[in-house]
Every structure is written in structure tokens, then in C-alpha cells.
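# Coordinate analysis (summary)
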Amino acid sequence: MSARDAILTAVRRNLPVPAVPLPDAPCVAGQKLVACLGYSGNLHTMPKVQHSPNVEAPVSNFKKQLEAMGGRILEVAEATAARARVAELFPAAKVVCSVVPEVPGNRRVESASDPHSLNDVDVGVVRSTLGVAETGAVWLTQNELVVNALGVLSQHLVVLLDPEAIVESMHDAYDRINLTASPYGVFMAGPSATGDIEGVIIHGAQGARSLTVLLMARDAKKPKP
Amino acid sequence: MSLPAMIKLKNRPVDPEALAARFIALENHEITHDRLVWRMRTNRDEAIAGVPDWQELRELASQIKEHTLTHLDDYLEQFEENAKNLGTIVHWARDAEEHNATVHEILKSHGVKSLIKSKSMLQEECGMTPYLEKRGIEVTESDLGERIQQLSNEPPSHIVVPAIHKLRTDVAELFAKNLGTDGNNSDPHYLTEAMRENARPRFMKAGAGMTGANFAVAETGGFVVCTNEGNADIGASVPPLHIASIGIEKLIPRARDLGVFIRMLSRSALGSPITQYTSHFHGPRKGGELHVILVDNTRSDRLGSDDFWHALKCIRCGACMNTCPVYRRSGGLSYGATYSGPIGVILDPGLDLSKYRELPFHSSLCGSCSEVCPVKIDISDQIYKWRRVVAEKGLMRVSKAVGMSALGKVLPHPELFHAAELAAESALAHTPRFLLYNTLNPWGKHREMPAAAPQTFRQWYIANRRPK
């Protein structure tokens, strides 16, 4: 018998009974999780601990969470300001690889490029199509990154994000994205980090040393050619 | 209770007490470990206080996992079909040996000599690294904590922070020997940077990258890897070949279910709202090749055990370790196993009962682990049940078995109990110190026996409260 058939046979023989029904998954902003549970145990009769629900606007909460994760967030009005910001933040950068029209770089990347060729990138610039307030995360896929390694090999990463594209929770985020539309998709919340030596938080373990989100509307004025 | 193939009786038992004593004897290690690990627990408390409906989220997570496990055959087939449709090559492995051989076969057929990997508890469980190294493949752990453990020839001591039992000075010494750093510089920033500089060329030359998986989604045929360093992403995006090892219990039905688990994982682990990188892999990237290996290795046996199948719900957050008073004071290496802490106590005996027969007693049964578990595993109940299995299989240590069997005879008979109680009281008052504080009585270590009360509770009750 093949390993596959042996495993499936063993699993079938040993399935626990009774089978547990699948609860609804939460999917819309603000929907109470209770509504998803077919559960009728004593959970709901227990006195609830009073939490202060998050009433902050998504953009300000996103900012707070991203900063807590070690990221930086700046508001820029339009493309010229974005270019100035990148130049100002990384004056020593030799290789800037941008895949957005708003910020010109000096290294081109195409989908056929060898990821190894990005090892010397000082600053990568990309645009995210989705931000999540509760976690301060931006969503990036192969479609935005062109070459996936750009997001993690760049010493510093700059991400353009339209404030309109920020949703409240991870539930909302998964409701918006189509996972099979790209072979790779990542929620990036701040730069690379580690606490592996005595719990001391250090940024820039393996991936980007810093992550800067530039909040800028997608339809902001493009630079003149 | 059915525990068919889970029971293996070939290996010598690990002795957690002796291993813990070794850790405690090191200067400053126990106190620092306790402080760091407990801080993760308090960070977790703060993080979940900011999530309304945390208890509902736990219940939802538990139900989704239980549903998946009670329909696991269907979801495995669904995952396989969808993964194949995306161009992923799917392998199956019954046990550790089959998993390792599959990995080796893939590497060999691609001429890979050098492998870069991110953290995977399953690959640890399978003993994959030594297996590949024996066959001439250079394996580099890219997670800082795992790399420290690899260079130390030790298993991870914690499932989230593998080297948390080490002081910065230990790491400085280790890196000086292996990476050529200044042994007198124990600044974690300096050491982390040294690791980064050492790892980059290894990512560049590696012929393959390996990862584990935190979740595999049946509906989409993809999987999710959570890291803070981004090391899994480099390993998956730079070398042309990506291989992921996935335990069959990692399945969840729908993409939307990820919202539930991702919200809980890092909050439970470290207290951050999410890991820095939550990466989704659906088929090979442009110009790359993707293999997944679905691994059983006793999981299907456990599924058939009424008492122990709920442990398969585990999402490997480590919250139970962070809260455990025994784990915090004795260190993860005291378990002598791949999985340490309360979750280790209930997982390890299923992998090798003989070897891990002492672990169920490495617990105070305080129950805190069950309270913090984000997927509501009855961890402390299972620890108790493993004690029963150990006793029933005749694997109790002699000193424990003698005491337990005496209690079993005395407790059901009140007259025997009263006689024993009076005898003990008198004995305690008149026993020479050398009999109480000797090496045969572990309760005499590090503590003085309490002074015996002048009368037993029963004597007092008869004298003062008994209706005349």
C-alpha cells in the first residue's frame, strides 16, 4: 500500500466520534464572534469580562500597531513628497529597487529576474493593496513584489499604502484577499525581528532592517515625466 | 483506552529531575529563564485583554480544529487535490524515516548539497538534520534561536524561542567558537548582526530552502508559515527549490479560518498582535519548484485515542510552557525531548512511552496550561491520564510505585488511615534528621519538613465540634 493510502486508511479507521460540525467563520467587520458559534454550552451564561472595544478609526489604530511592531509610518501628499521622503530617509543608499511608478529607483527588476541579483539592494520600494489595523500589517503578493525576494532581501523596505485600503481586523482582511491569486502572499507587520537572545527585541534579524509605510492615496498626482 | 502503535518500549527513560538539577546548578540561568518566560506570559495577558471576545475566539478555534480532525480524511484529500492543481508536488510519509528519505530523495535528484531551513518542530521530531548531514548535505538553521541550538548540539528548549534557556554570555562564547566573533562581546545586537552576516551567503548558495507550516488550508491547497525574522521567506524565495514538511494535523478547512488562528497565535505566544511575517504559499513561485510532505508519524494513532486526540489541536504557540511553574524553573532541556513544557508532557509519551515515562510526573497539575491554551486542549487532564497509562503499563519508577501502592491500600480504609496518621505524627517528631533529609527522600531536598500539629484534625474535631 502506498504511504498515502496507508495514512488515509489509518485516519479513517481512527476518526473520533461524534463528528463535530463546522462553525461559521467570522467574515464581516463588526460581526460578533458569538454569531458564528453553534455552541450552546455555559459560555454565554458566564459573566463577561468588560473589555473596551476598539473604537479607534482604522487608520490611527493601524499607525499605533505598526509602530508597536517596530515599523515607521509617514503621511505623504503625493509622489514628489514620497520621492523626497525616500531620499531623505536613506541618504547613503546605493541601490534603490522600486517597483512603483511614484518613486524612481536605480535598479530594475522584472519577473524573470534571478532573486540572487537582489542581494545588494539597499532600499526596496513596493505598494501594498491592503493594510490591517488590528495588527499593523501590510499585505504583499508576488503581483506587487514582482520578485518575492525583494520584500526580504532589501536592507530597508518602503511600502506605499492607500489609507482607504486599511481594514479593521484579520477577519476583514481574509475576506478581501484571494489566496490562490498569487503563489506567495505575506502579511508584513514591521521589519524583521528577533528576541532569541535573552528576549531582547532586535530589528533586522534576517529580513528588512526597517519597514516604512508611506500613507498616500493611490490617485495622488503622479510625477511629471 | 486504545493506544495501539503509540506504545513503544525500547528506549531508556530520560530523567527530568536530574536534567533540571543540572540546569538549576548553572549560575543565574534559572532566575533569568523564569523572568524571561514569565514575561511572555504577562505580555500575552496584556495582548488578549485588548481583544474583545477572546473566549469566543478560543471556542471557535477549538471547534474548527475538532471539526477538521473528525473529518481529517476528507480534508487531506481536498488539500492534496487543490495543492496539485496549483502545481505543488505532494508527498506522503508514514513516519520519520519515510519523511527524511523523501527529503533526501528530492535533494539528491536536484543535486542539492547545501540546504537552508527555517524552524520546524516536525523536522526536529523526525531527526531530519542529522539524517541529511550523515548523507553529506550541509544543513543550516536560519532562525537565530535554532542556529544557536544547532551549534550547541541541543534540541530546542522552547517551541517559539528555542534558546531562551541560554544567557547572552553563553551565546557569545558559542559564536566566538563557531562564527569567529569577539567572545568578550555579549551584546545581543552584535551577536544578532553576526548571525545575519553569516547567514546571508548561506541563503545565496543554498540549493534548496525548507520550511514547516503553521496551517495548511484544504480549500485552497496552500499553507502558512509564521516567523518574526523573515527567514522562512528568504529560504522560500531565493533558492529555486522549496520543500515544506507538514504534519497531517495542521489542516484547517477554509481560508477564512486563518483569521481566527492568526489573531490568536502570536498573541498567545509572545503577546504581539501578529508575527512580523505571516506568509502564504500557494503553488511554486515563478521559476521555482514547490514540494510538500504530509507526515503522519503517530498522529493517526493518536487520532484513535479518546483520551489523547485533542492534543492534535495544538497550534504550537508555547503559551502552556510560558505559564508552567515547572517548565519555568527547570528549563526546556530538562524534558530531554523535541517538545518540552506541558504540551511536551502530553505529546512525547505518544512518540515513545518508554523513553518519556517520567515526563507526566514533571508537572504540578496546577491546570494553568489548560487555562491559557488558545484552542482549549485539556492539557492538565491529559497529563493526569498519561500518569495512569504509565502506571498501568508497569513503568512507574520504584520509589513512586511503592508510595502510591501503599496509599492505595491505606486511603480506602479510615481505620488504617487514622493509625497511619498518628504513627506519622509521632514518627516525624522523633525521627533523627539524617533519616528525613537523605537522598532517598526527594521532599527533604531544599526544604524543611513542617512541624507536626499537636493533634490531628480528627482529634480536634472529636474534642471540639462533634455533636455530643
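Structure: above.
Figured I'd write up the structure that's included with this text. Please read all numbers here as calculations on a predicted model, not as lab measurements. (Residues numbered from 1 in each chain as written. Chains lettered and ligands numbered in written order. Predicted model: local features only at pLDDT ≥ 70, side-chain atom pairs only at ≥ 80, totals over all residues. Heavy atoms only, no water.)

### Some words on the interface of chain B and chain A
In this assembly, 100 residues from chain B lie in contact with 84 residues from chain A. Between chain B and chain A lies a buried interface of about 7900 Å² when both sides are counted; carbon and sulfur atoms form 61% of it. Linking chain B with chain A are 10 salt bridges, by the criterion used here. A salt bridge links A:E134 to B:R263; the shortest N-O distance between them is 3.0 Å. Seen at the junction of chain B and chain A, the total is 41 residue pairs in polar contact (both at pLDDT 80 or more). Taken together, the residues of the side of chain B that touches chain A sort by class into 46 nonpolar, 25 polar and 29 charged. Pairing of strand β8 (residues 184–188) of chain A with strand β9 (residues 277–281) of chain B involves 5 bridges; the strand directions are antiparallel. In the sheet register, A:F187 faces β9(B), and the bridge partner there is B:T278. (Contact = heavy atoms within 4.5 Å. Buried area = accessible area lost by both parts, 1.4 Å probe. Salt bridge = Lys/Arg side-chain N within 4 Å of Asp/Glu carboxyl O. Polar contact = N/O pair within 3.5 Å; in protein donor to acceptor, adjacent residues only side chain to side chain. Nonpolar A, V, L, I, M, F, W, Y, C, P; charged D, E, K, R; others polar. Pairing = 2+ DSSP bridges. Helix = DSSP H or I, 4+ residues; strand = E, 2+ residues; numbered from the N terminus.)

### As for the pattern of salt bridges
Residue and element names in this part refer to chain A. Under the definition given, this model contains 35 salt bridges over all chains. Measuring nitrogen to oxygen at the nearest pair gives 3.2 Å for the salt bridge that ties R127 to E102. Residue R127 is located in strand β3 (residues 123–128), and its partner E102 is located in the loop between β2 (96–98) and β3; the two are separated by 25 residues in the primary sequence. With respect to burial, R127 and E102 carry one shared label: buried. (Buried < 20%, exposed > 50% of the residue type's maximum accessible area, 1.4 Å probe, protein only.)

### Re the state of the cysteines
Residue and element names in this part refer to chain B. Counted by the stated rule, this structure contains 0 disulfides over all chains. The structure places no disulfide on C324, whose sulfur is separated from the nearest cysteine sulfur, that of C366, by 6.5 Å. Of the residues examined, C324 reaches a relative accessible area of 10% and is grouped as buried. C317 supplies the cysteine sulfur nearest to C373, a cysteine that is in no disulfide, at a spacing of 6.4 Å. Residue C373 is classed as buried on the basis of its relative accessible area, which comes to 7%. (Disulfide = S-S within 2.5 Å.)

### Some points on the packing of helix α1 (residues 3–14) of chain A against helix α4 (residues 72–85) of chain B
α4(B) packs onto α1(A) with a crossing angle of 150° between their chain directions and a minimal axis gap of 8 Å. Comparing their axes, α4(B) and α1(A) come out roughly antiparallel. Between α1(A) and α4(B), the contacting residues are A:R4, A:L8, A:V11 and A:R12 on the first element and B:L72, B:D73, B:L76, B:E77 and B:E80 on the second. Per-class residue counts for the contact of α1(A) with α4(B) are 4 nonpolar, no polar and 5 charged. (Axes fitted to C-alpha atoms, helices over the stretch in contact; angles between N-to-C directions. Parallel < 35°, antiparallel > 145°, perpendicular 65-115°, else oblique.)

### As for a nonpolar patch on the surface
Taken together, the side chains of B:F457, B:W460, B:Y461 and B:I462 present a nonpolar region at the surface, about 400 Å² in accessible area. The exposure class of B:F457 is exposed, given its relative accessible area of 61%. (Patch = residues over 30% accessible without salt bridge, like charges linked within 9 Å, V, L, I, M, F, W, Y side chains within 5 Å. Areas by Shrake-Rupley, 256 points an atom, 1.4 Å probe, with all protein chains shown as cover.)

### Structural notes on the nonpolar core
Core analysis: the biggest nonpolar cluster contains 80 residues, and A:V213, B:F175 and B:F223 have the highest contact counts within it. Apart from the residues within four sequence positions on either side, A:V213 is in contact with A:F62, A:L66, A:R72, A:I73, A:L74, A:V138, A:V159 and A:L161. Grouped together as the second largest cluster of nonpolar side chains are 78 residues, B:V37, B:V217, B:F261 and B:I262 included. (Core = buried A, V, L, I, M, F, W, Y, C linked by side-chain atoms within 4.5 Å.)

### Focus: helix α2 (residues 29–49) of chain B
Structural remark: α-helix, 3.6 residues per turn; residues separated by three or four positions point the same way. Given a rise of 1.5 Å per residue, 21 residues ought to cover 30 Å, and the 31 Å separating the end C-alpha atoms of α2(B) matches this to within 8%. The complete set of buried residues in α2(B) reads B:H29, B:E30, B:T32, B:H33, B:D34, B:L36, B:V37, B:M40, B:R41, B:R44, B:A47 and B:I48. (Expected span 1.5 Å × (residues − 1).)

### As for the pairing of strand β5 (residues 137–141) of chain A
Residue and element names in this part refer to chain A. Of all the 5 residues making up β5, 5 are buried; the element is thus mostly covered by neighbouring parts of the structure. Here β5 shows a buried face lined by A137, W139 and T141 and a second buried face lined by V138 and L140. With 3 bridges connecting them, strand β4 (residues 130–132) and β5 associate as antiparallel partners. Residue pairing across strands places L130 opposite W139, the latter belonging to β5.

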